[in-house]
Amino acid sequence: MTKKVVAAMSGGVDSSVAAARLVDQGYDVVGIHLALAKVKGHAGGKGCCTLDDARDARRVADRLGIPFYVWDVSDEFQKEVIENFVSEYAQGRTPNPCVRCNEKIKFAAVLERSLALGFDAVATGHYARIIETPQGPTLHSAKDPNKDQSYVLSVLTQEQLSHTILPLGDSLKPEIRAEADKRGLITASKPDSHDICFIPDGDTAGFLHRKLGEEKGQIIDAETNEVLGEHDGVFEFTIGQRRGLNLTKPRPDRAARYVVETDVKNKTVMVGLPTLLKVDVVTASNVIWCGPIPESPFDCLAQVRAHGERLKAKAFHKDGNLTVEFIDSLQGLAPGQTIALYENDRVIGSGTVVTTARN
Amino acid sequence: MTYLDHAATTPMLPEAVAAMTAELAKPGNPSSLHSSGRRARKVVEESREVIAAALGARPVEVIFTSGGTESNNLAIKGLFWSRIKKDSKRNRILISAVEHHAVLDPVLWLKEHDQAIVELLPVDEFGRVSVETLKKSIEKNPADVSFISVMWANNEVGTVQPIKDLVKVAKEFDIPIHSDAVQAVGCLEVHFQDSGLDALTVSGHKVGGPQGIGVLVIKRDIELTPVLHGGGQEREVRSGTLAAPQIAGFAAAIKVAVSQRFNRASRLTSLRKDLINKVQEVIPNVVLNGDPENRLPGNVHFTFKGCEGDAVLMLLDAQGIECSTGSACSAGIPQPSHVLLAMGRDEQTARGSIRFSFGTTSTPDDVTDVINVLPAVVERARRAGKPAVKS
């Protein structure tokens, strides 16, 4: 029987081509646009959940001759992604909302609903590959290293991967644009989205200020404990940040200083030399294996931010907790970030950073 | 394809297609003074007479608009502005809590921009406004009421309002009263003069005419401030070139719709009752919304407890059955219906609702088609439930 697939269509070029390819491959495709943000009337042009995007997705579905519906998951998105984002920052952590959205919304709520409604799989325009193996499906980096999104998908279980189709994993981004153009899709020349979709102006600090108010505190030199300045909220700062510190006193040697630690309780931000940013050992919770569970310990490559480099490491796991010892040097990692572990290009699994330490 | 969304729009009647297409390629602006213009004007005026006759109105009371939404906007803003100009105290608007957005939203616009005080008249469990409710609301201060607007029959749940009784109350206090009869014409007897209404909204495409044309029927002694400004084609109250082909199509449709109303209504009533009975037989936990008897002949509106209306709609669509969640949509995003909420339903119940609406082309086969697939569809939608979030 023909497989029935939900194509999640954001209204961008990638998910448009993904849906088109599924149609070509003979799947029975239904286009679904997820209404993530609570928009009334005409929301601003950017972001991934505006009325314009829904309209673009609908026009692509028209072109492909597939049914198209909008699913309202704004309540879930508000609770699981936006409120979580704010509360994580309020607690001094640095969350990745795209990872969270994939884990809780796209490949959980939406996939579950699709399966219950009689579909076999959900397809998205993410750049990553799923390979069938005798041990079940495994998740791999995309062919296009510039667009690889396997990191933000590192929260998918094998069960979820077995109902997921990623039609773009073997393509380069320019090929996708050219294909969209050739297919006459309205989204062919739409710019890529880079920002967090619910903060379309890119001003995360401003967004957090509106949600959390002002929480004035001190900026302190991590070595001398000298007060170097004031800030309007610890949540404005993330470990490794250099810009926007507005320090009143330069160091005698004029060396640049970075945020090396934040303390929500005492409302202080510690700054210092980059040597203080070095991380040797990381512990993580919320561990998810994307393939067979590896034996502990194992050698791997670890990636700690989207499009970050992969560093040699050794990982230990026990009772759902993960410890990663870095062999290559890592600088600047904040609690709340996702740490994804790879074996070559295969995603082994991921966890959420709880603590970091220097040897 | 089983089309059961006639309340959204119903296919054009052959008579309307013939009348409209006959006009499409002919030259002539009805306001032009030459022979072609006069010919087009003649089509418009003859159509006006046909439409007036079908609605129990005088031709001079018929104002052409682009459809139901514009007619409602003209009635609401036009009445509010002209009344307040004469008496600045008259700023209170009374409408039922179950009005279509084309009434509700212009009223809320006046609240936001023109300091109107808006009173939503509460309804009973079937969505009906009572005479006592209206009376009580007016009596708070009869001197500050601008106007009253209550729809003839509800577009979602089909409940028919006691218009004649409500009009009597309005007359007691000498307050103008408007009714949106978009869903009623062609299904119920709508006679403008007998109704005693001051203004009445009618749409072309709901009676088998083309989309993009409607009328506001308005008594001659009621003053309206225009909303659209321009050539003043319609008694200086509405501007815009008169759309002769659409008007001809509308007139042809309403003539047929009204003259065959009785037969069609009884046919649709039996289809409706058949579908309601069968659905209640084969599907557990289903609630019929709206007045069980006093409702639009072709309207069936159910809540299937424990599932989302949009899931049912999608699964039915995949089986070739077209219906509606009966709720207002913005970019296709379902909102819980304000009509069901006003009737006392909770938000979750309001989201689990589906409207089937029969029309001229409906047959008993349509009922069979629905009954063949609906039980499995509802069961599946119930299993899917509300999108559950893993946490």
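Residues numbered from 1 in each chain as written. Chains lettered and ligands numbered in written order. Predicted model: local features only at pLDDT ≥ 70, side-chain atom pairs only at ≥ 80, totals over all residues.

A few words now on the overall build of chain B. Helices and strands together make up the secondary structure of chain B, namely 13 helices and 14 strands. Considering only C-alpha atoms, chain B reaches an extent of 65 × 55 × 40 Å along its principal axes. Put simply, chain B has 391 residues, and 53% of those count as buried. In chain B, once contacts between residues fewer than 6 apart in sequence are set aside, the share between residues at least 24 apart is 74%. (Helix = DSSP H or I, 4+ residues; strand = E, 2+ residues; numbered from the N terminus. Buried ≥ 20, exposed ≤ 12 C-beta atoms within 10 Å, placed from the backbone. Contact = placed C-beta atoms within 7 Å.)

Okay, the overall build of chain A next. On a plain count of helices and strands, chain A comes out with seven helices and 17 strands. In terms of overall size, chain A behaves like a compact globule, its C-alpha atoms giving a radius of gyration of 22 Å where 359 residues would be expected to give roughly 21 Å. Considering only C-alpha atoms, chain A reaches an extent of 70 × 50 × 35 Å along its principal axes. Across the 359 residues in chain A, those meeting the buried criterion constitute 46%. In chain A, the proportion of contacts linking residues at least 24 apart, taken out of those at least 6 apart, comes to 64%. (Rg over C-alpha atoms; globule rule 2.2 N^0.38 Å.)

This part takes up the nonpolar core. Ranked by size, the top nonpolar core spans 126 residues in total, and within it Ala7 and Ala19 of chain A together with Val312 of chain B carry the most contacts. With eight residues, the top contributor of residues to this core is helix H4 (residues 97–116) of chain A. Once residues lying within four places of it in the same chain are set aside, the contact partners of valine 312 of chain B are Phe304, Cys307, Ile354, Val377, Val378 and Ala381 of chain B. (Core = buried A, V, L, I, M, F, W, Y, C linked by C-beta atoms within 7 Å.)

With that out of the way, let us pick up the confidence of the model for chain A. A residue-level look at chain A finds 97% of positions with pLDDT of 70 or above and a mean pLDDT of 91. Under a pLDDT of 50 for its full length, residues 41–48 of chain A has, in the predicted model, 17 contacts with residues more than four places off or in other chains. (pLDDT = per-residue confidence, 0-100.)

Here the focus is the sheet that holds strand S7 (residues 199–203) of chain B. Residues and elements named next belong to chain B. Pairing is mixed in the open sheet, where seven strands are placed in the order S2-S8-S7-S6-S5-S3-S4. One side of each edge strand has no neighbouring strand; the edge strands of this open sheet are strand S2 (62–65) and strand S4 (117–121). Within the sheet, the average angular offset between the axes of one strand and its neighbour, ignoring direction, is 20°. Direction of pairing for S7 relative to strand S8 (residues 214–218): antiparallel, over a ladder of five bridges. The residue bridging leucine 200 from the neighbouring strand is valine 217, located in S8. On top of the sheet, helix H5 (residues 131–139) reaches strand S3 (92–96), S4 and strand S5 (145–149); it is set at about 160° to S4, its chief contact. (Pairing = 2+ DSSP bridges. Axes fitted to C-alpha atoms, helices over the stretch in contact; angles between N-to-C directions.)

Next up on the list: the packing of H5 of chain B against helix H6 (residues 163–172) of chain B. Working note: a packed helix pair is described by the angle between its axes plus the distance between those axes. Residues and elements named next belong to chain B. Following both chains from N to C, one finds H5 and H6 inclined at 20°, their axes separated by 9 Å at the closest point. As far as their axial angle goes, H6 and H5 are roughly parallel. Both H5 and H6 take part in a crossing whose hand is right-handed. Of the residues in H6, those touching H5 at Val131, Leu134, Lys135 and Ile138 are Asp165, Leu166 and Val169. Broken down by class, the residue content of the contact of H5 with H6 amounts to five nonpolar, no polar and two charged. (Parallel < 35°, antiparallel > 145°, perpendicular 65-115°, else oblique. Left-handed = near helix turned anticlockwise from the far one by under 90°. Nonpolar A, V, L, I, M, F, W, Y, C, P; charged D, E, K, R; others polar.)

A few words on the pairing of strand S17 (residues 346–357) of chain A. Residues and elements named next belong to chain A. Bridge analysis of strand S6 (residues 136–141) against S17 gives two bridges, and the strand direction is antiparallel. Residue pairing for S17: leucine 139 is matched across the bridge by valine 347. Relative to S17, strand S12 (residues 278–289) runs antiparallel, the two sharing seven bridges. Paired with serine 285 across the two strands is threonine 352, which belongs to S17. A loop of two residues connects strand S16 (residues 338–343) with S17, the two strands running antiparallel in sequence, and asparagine 344 in this loop sits at a positive phi of about 50°.

A word on the pairing of strand S13 (residues 298–303) of chain A. Looking along a regular strand, one sees the side chains alternate between the two faces of the sheet. Residue and element names in this part refer to chain A. Summarising the sheet, S13 and strand S14 (residues 311–318) pair through five bridges and their orientation is antiparallel. Within S14, the residue paired with phenylalanine 298 across the bridge is alanine 315. In this structure, S13 lies alongside S16, joined through three bridges in antiparallel fashion. Counted as the bridge partner of leucine 301 is tyrosine 342 from S16.

Further remarks concern helix H3 (residues 68–86) of chain B. Compared with the 27 Å implied by 1.5 Å per residue over 19 residues, the 27 Å span of H3 of chain B between its first and last C-alpha is a close match. Within H3 of chain B, 14 of the 19 residues are buried, which leaves it mostly tucked inside the rest of the structure. (Expected span 1.5 Å × (residues − 1).)

Here the focus is the sheet that holds strand S2 (residues 28–35) of chain A. Within a beta sheet, neighbouring strands are joined by backbone hydrogen bonds and run either parallel or antiparallel to one another. All names here are of chain A. Taken in spatial order, the five strands make up an open sheet running S3-S2-S1-S4-S7, and their pairing is parallel. One side of each edge strand has no neighbouring strand; the edge strands of this open sheet are strand S3 (68–72) and strand S7 (164–165). In terms of strand pairing, strand S4 (residues 121–123) meets S7 through two bridges, oriented parallel. Following the sheet pairing, alanine 123 is matched in S7 by isoleucine 165.

So, on to the environment of isoleucine 186 of chain A. All names here are of chain A. Following the sequence through the fold, isoleucine 186 ends up in the loop between helix H6 (173–182) and helix H7 (204–212). Judged by the 18 C-beta atoms lying within 10 Å of it, isoleucine 186 is partly exposed. A sequence separation of 170 residues divides isoleucine 186 from serine 16, and the C-alpha atoms of the two residues are 9.0 Å apart. With residues near it in sequence (within four places) discarded, isoleucine 186 still touches Asp56, Arg59 and Val60.

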